[in-house]
Amino acid sequence: AVNRQHTTVFVAVDGLQLLDLAGPVEVLRVANHLGASPSYRSVVATPGGADVRSDSGVRVGADESLGELARSRRPIDTLTIVGGLGTLGVVRDEEFLADVARLSRRAGRTTSVCTGSLVLAAAGLLDGYAATTHWAMSDDLAAHDGVEVRSEQIFVHDRDRWTSAGVTAGIDLFLALVEQDHGAEIAHQVAAWLVVFVRRPGGQS
């Protein structure tokens, strides 16, 4: 198909921060509503394809099993690791990290929201890259020697890696991705629709 949808895979685990998922998904939905072409398709992948529970208690349904998707050959344009306290457990799960690394290798770009960057770092996907995370977790990210931590920034773009600071910063990150894909005008329209800054002034502090 000439106009294949732009597939964004959101990797989510139990204890995800709901806004880390909902913010980016809403940016893409509004971009579609405003005529983004190719349009975005959001896919939620979880370990085993099971529903996950956010740390606020709200349950999130899964579209795909992370492992099955990692072993498939389906194209992925954007891979996003969703943050939240649950990520702190999976950074020691070798199988989970291997699946993330496999998906990253075939994704056009690899991104994270909040503590999702700790997963990317644990999988070796930020070695030699600049990155950021939630301000409270900057030291944890800096524990990975290969990562150049830019703790003050709302999001960091380094080649095909995009990482964002905590929670609402996922919206800033995805507005920037929409701008990269479709230009500044549609990114401004999406920001206006969501009633947020298209480029937030200042840094994390």
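Residues numbered from 1 in each chain as written. Predicted model: local features only at pLDDT ≥ 70, side-chain atom pairs only at ≥ 80, totals over all residues. Heavy atoms only, no water.

### Here we look at the overall build of the chain
Link 1 in the chain: Regarding its fold elements, the chain presents eight helices and eleven strands.
Link 2 in the chain: The C-alpha radius of gyration of the chain comes to 16 Å, within 12% of the 17 Å expected for a compact globule of 205 residues.
Link 3 in the chain: With the C-alpha coordinates of the chain rotated into their principal frame, the extents come out at 40 × 40 × 35 Å.
Link 4 in the chain: For the chain, buried positions account for 51% of its 205 residues. (Helix = DSSP H or I, 4+ residues; strand = E, 2+ residues; numbered from the N terminus. Rg over C-alpha atoms; globule rule 2.2 N^0.38 Å. Buried < 20%, exposed > 50% of the residue type's maximum accessible area, 1.4 Å probe, protein only.)

### Concerning the pairing of strand β7 (residues 107-112)
Link 1 in the chain: Summarising burial for β7: five of the six residues are buried, a large majority.
Link 2 in the chain: Pairing of strand β6 (residues 76-81) with β7 involves five bridges; the strand directions are parallel. Paired with L79 across the strands is T110, a residue of β7.
Link 3 in the chain: Looking at chain direction, β7 and strand β11 (residues 161-164) are connected through three bridges and run parallel. Within the sheet, the bridge partner assigned to T110 lies in β11 and is R161. (Pairing = 2+ DSSP bridges.)

### Structural notes on the packing of aromatic side chains
Any aromatic ring pair is given by two values, namely how distant the centres are and how the planes are angled relative to each other.
Link 1 in the chain: Taken as a whole and judged by the stated rule, the model has two aromatic pairs.
Link 2 in the chain: Positioned above the aromatic ring of Y129, the side-chain terminus of R159 is 4.2 Å from the ring centre.
Link 3 in the chain: The ring centre of Y129 lies 4.7 Å from the NZ or CZ of R161, which sits over that ring. (Phe/Tyr/Trp six-rings, centres within 6.5 Å; stacked < 30°, edge-to-face > 60°. Lys NZ or Arg CZ within 6 Å of the ring centre and 35° of its normal.)

### Examining the pattern of salt bridges
Link 1 in the chain: Summed over the entire model, instances satisfying the criterion amount to eight salt bridges.
Link 2 in the chain: Between E26 and R29 there is a salt bridge, with its nearest N and O atoms 3.0 Å apart. Residue E26 and its partner R29 are located together in helix α1 (residues 18-33), separated by three residues, close to a single helical turn.
Link 3 in the chain: Residues D181 and R109 are paired through a salt bridge, measuring 2.7 Å at the closest nitrogen-oxygen approach. In this pair, D181 sits in helix α7 (residues 169-182) while R109 sits in strand β7, placing the two residues 72 residues apart along the sequence.
Link 4 in the chain: Accessibility expressed as a relative area gives 28% for D181, which makes it partly exposed. (Salt bridge = Lys/Arg side-chain N within 4 Å of Asp/Glu carboxyl O.)

### Some points on the sheet that holds β7
Link 1 in the chain: What the seven strands build is an open sheet, ordered β5-β2-β1-β6-β7-β11-β10; its pairing is mixed. Single-partner strands in this sheet number two, and they are β5 (64-65) and β10 (155-158).
Link 2 in the chain: The sheet contacts of α1 involve β1 (6-11) and β2 (40-46), and relative to β2 the element is tilted by about 155°. (Contact = heavy atoms within 4.5 Å. Axes fitted to C-alpha atoms, helices over the stretch in contact; angles between N-to-C directions.)

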